[in-house]
Amino acid sequence: MAVYSAKEILEIIPHRHPFMLLDTIEELEPGVRAVGKKCVSFNEPFFAGHFPGNPVMPGVLIIEALAQTGAVALLGLPEWKGKTAYFVGIDKARFKQKVLPGDVLMLETKIVKLKGPIGIGEAVASVDGKVVAKAELSFAIGE
């Protein structure tokens, strides 16, 4: 059973359709890690142009989904409630496999460094237990 539904995620992060890329949060340790889930539908707006006749989820959106997962982990802490997690860097991004319509994308982001409002997360996306993307995400918490 999910820890947070899409409706509950909307109460934590500011993203909205079509840019909210999480369906549920499956596991959560506030300030430490979160595991999210995205059921990739053929009806996703990005598939209209990426690529016609050969739909592939853009890698940058997989990274964004991982960042949103990390944001839920951070913004679930009482001291960050109502704040926004902003990207300040993406390092070591690697894409291992295509994400296609019908895939269930599992997104895990661990907060590995946090100094004041600045930190780093290690993020891994997988489909059927196989890594499809990973990256190191830097962030800043702000208004």
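Only a predicted model underlies this, so the values are computations on that prediction, with no experimental measurement involved.

What counts, and where the lines are drawn
Residues numbered from 1 in each chain as written. Predicted model: local features only at pLDDT ≥ 70, side-chain atom pairs only at ≥ 80, totals over all residues. Heavy atoms only, no water. Pairing = 2+ DSSP bridges. Helix = DSSP H or I, 4+ residues; strand = E, 2+ residues; numbered from the N terminus. Axes fitted to C-alpha atoms, helices over the stretch in contact; angles between N-to-C directions. Contact = heavy atoms within 4.5 Å. Phe/Tyr/Trp six-rings, centres within 6.5 Å; stacked < 30°, edge-to-face > 60°. Buried < 20%, exposed > 50% of the residue type's maximum accessible area, 1.4 Å probe, protein only. Salt bridge = Lys/Arg side-chain N within 4 Å of Asp/Glu carboxyl O. Polar contact = N/O pair within 3.5 Å; in protein donor to acceptor, adjacent residues only side chain to side chain.

**Focus on the sheet that holds strand β4 (residues 104-115)**
- The 6 strands are arranged β1-β2-β4-β5-β6-β3 in an open sheet whose pairing can be described as antiparallel. In this open sheet, the two edge strands, each paired with only one partner strand, are β1 (24-29) and β3 (84-95). In this sheet, neighbouring strand axes are inclined to one another by 20° on average, regardless of whether the strands run parallel or antiparallel.
- Pairing analysis gives 5 bridges linking β1 to strand β2 (residues 33-39), with the strands arranged antiparallel. Residue pairing in the sheet places Thr24 in a bridge with Lys37 of β2.
- Packing of helix α2 (residues 59-75) onto the sheet brings it into contact with β1, β2, β3, β4, β5 (118-127) and β6 (130-142), and relative to β4 it is tilted by some 55°.

**Comments concerning the packing of aromatic side chains**
- This structure, assessed with the given rule, holds 1 aromatic pair.
- Seen from their ring centres, Phe46 and Phe47 are 4.7 Å apart, and the 65° between their planes marks the pair as edge-to-face.
- For Phe46, a relative accessible area of 15% puts it in the buried group.
- Residue class for Phe47 comes out buried when judged on its relative accessible area of 6%.

**Thoughts on the pattern of salt bridges**
- Taken as a whole, this structure holds 6 salt bridges when the rule is applied.
- The salt bridge partner of Arg33 is Glu27, with a shortest N-O separation of 2.9 Å.
- Classification of Arg33 by relative accessible area gives buried; the value is 16%.
- For Glu27, a relative accessible area of 38% translates into the label partly exposed.
- Look at the salt bridges and you will find they share partners, linking Glu27, Glu29, Arg33 and Glu108 into a network.

**Description of the environment of Thr69**
- As for its position among the elements, Thr69 is in helix α2.
- Of the residues examined, Thr69 reaches a relative accessible area of 0% and is grouped as buried.
- For the pair formed by Thr69 and Met106, sequence separation is 37 residues and the distance between their alpha carbons is 10.0 Å.
- With residues near it in sequence (within four places) discarded, Thr69 still touches Leu22, Ile25, Ala34, Val35, Gly36, Leu107 and Thr109.
- Here the side chain of Thr69 touches Ala65 through a polar contact of 2.9 Å, landing on its backbone oxygen.

**Things to note about unusual backbone geometry**
- With an omega of 5°, the peptide bond running from His17 to Pro18 counts as cis.
- Structurally, Pro18 can be placed in the loop between α1 (6-10) and β1.
- For the bond running from His50 to Phe51, omega is -5°, close enough to zero to count as cis.
- Relative to the helices and strands, Phe51 resides in the loop between β2 and α2.
- Of note, the phi angle at Lys92 is positive, near 55°, even though the residue is not glycine.
- Judged by its relative accessible area of 62%, Lys92 falls in the exposed class.
- Here the phi dihedral of Asp128 falls at roughly 50°; this positive angle occurs in a residue that is not glycine.
- By the secondary structure assignment, Asp128 is in the loop between β5 and β6.

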